[in-house]
Amino acid sequence: MIIYVDIDNTITHTPDTDYARAEPRPDRIARINKLYDKGHTIIYWTARGTKSNINWRELTEFQLKTWGVKYHKVEFGKP
């Protein structure tokens, strides 16, 4: 199964879209990581930068790595 997961305020607490201050929610990350471990395809899909046109990929991928998030792909530009 392919599972799409939002990042901000789903696996994080992100105050006022201040992505640099996003704090992970370990319980939620662990739940999604278990789905990954069971063989599901995990795609994180975020609206980061959709309105501002700022490229948040480097920060986002760094955060996911630091927080131990397992995934197959990160997509930007949610409608």
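Residues numbered from 1 in each chain as written. Predicted model: local features only at pLDDT ≥ 70, side-chain atom pairs only at ≥ 80, totals over all residues. Heavy atoms only, no water.

Peer 1: Is there a simple way to think about the sheet that holds strand 5 (residues 73-76) in this case?
Peer 2: Whenever strands of a sheet pair, they do so through backbone hydrogen bonds, lying parallel or antiparallel. Sheet architecture is open: three strands sit in the order 1-4-5, paired in parallel fashion. Two strands close off the open sheet at either side, each with one partner strand: strand 1 (2-5) and strand 5. Neighbour-to-neighbour, the strand axes of this sheet turn through a mean angle of 25 degrees, independent of strand direction. By the bridge criterion, four bridges tie strand 4 (residues 41-46) to strand 5 in an arrangement that is parallel. Note on strand 5: the bridge partner recorded for tryptophan 45 is glutamate 75. (Pairing = 2+ DSSP bridges. Helix = DSSP H or I, 4+ residues; strand = E, 2+ residues; numbered from the N terminus. Axes fitted to C-alpha atoms, helices over the stretch in contact; angles between N-to-C directions.)

Peer 1: Help me understand the pairing of strand 1, please; the structure alone is not making it clear to me.
Peer 2: Along any regular strand, the residues point their side chains to alternate faces of the sheet. Residues Ile3 and Val5 of strand 1 are buried on one face, while the alternating residues Ile2 and Tyr4, pointing to the opposite face, are not. Sheet analysis places strand 1 next to strand 4, joined by four bridges and oriented parallel. Along strand 4, the bridge assignment pairs isoleucine 3 with isoleucine 42. (Buried < 20%, exposed > 50% of the residue type's maximum accessible area, 1.4 Å probe, protein only.)

Peer 1: Quick question: what am I supposed to make of the nonpolar core here?
Peer 2: Across soluble globular proteins, you tend to see nonpolar side chains buried next to one another. The biggest cluster of nonpolar side chains holds 13 residues, and the ones touching the most others in it are Val5, Ile11, Ile32, Ile42, Tyr44, Leu64 and Val69. Among the elements of the structure, strand 1, helix 1 (26-37) and strand 4 are those that each provide at least two residues to this core. Setting aside chain neighbours within four positions, we find valine 5 in contact with Thr10, Ile11, Ile32, Ile42, Ile43, Tyr44 and Trp45. (Core = buried A, V, L, I, M, F, W, Y, C linked by side-chain atoms within 4.5 Å. Contact = heavy atoms within 4.5 Å.)

Peer 1: What's the story with the pattern of salt bridges in this structure? I'm lost.
Peer 2: Pairs may arise between side chains of opposite charge once their charged atoms sit close together. Across all of its chains, the model carries five salt bridges by this definition. The partner of aspartate 37 in a salt bridge is lysine 70, and the shortest N-O contact between them spans 2.8 Å. In this pair, aspartate 37 sits in helix 1 while lysine 70 sits in the loop between helix 2 (57-66) and strand 5, placing the two residues 33 residues apart along the sequence. (Salt bridge = Lys/Arg side-chain N within 4 Å of Asp/Glu carboxyl O.)

Peer 1: Before we go on, may I ask you to explain helix 1 in this structure?
Peer 2: The α-helix winds at 3.6 residues per turn, so residues separated by three or four positions along the chain end up facing the same way. Across its 12 residues, helix 1 extends 16 Å between first and last C-alpha, which sits within 8% of the 16 Å expected from 1.5 Å per residue. Looking at helix 1, one finds that the buried residues are Ile29, Ile32 and Asn33. Along the axis of helix 1, the buried positions cluster into a sector of 105 degrees, meaning they face one direction only. For helix 1, the exposed residues lying more than 90 degrees away from the buried face are Asp27, Arg31 and Lys34. Structurally, helix 1 contributes buried residues whose contacts are with strand 1, strand 3 (23-24) and strand 4. Positive backbone phi, at 105 degrees, marks glycine 39, one or two positions downstream of helix 1. (Expected span 1.5 Å × (residues − 1). Arc of directions from axis to C-beta.)

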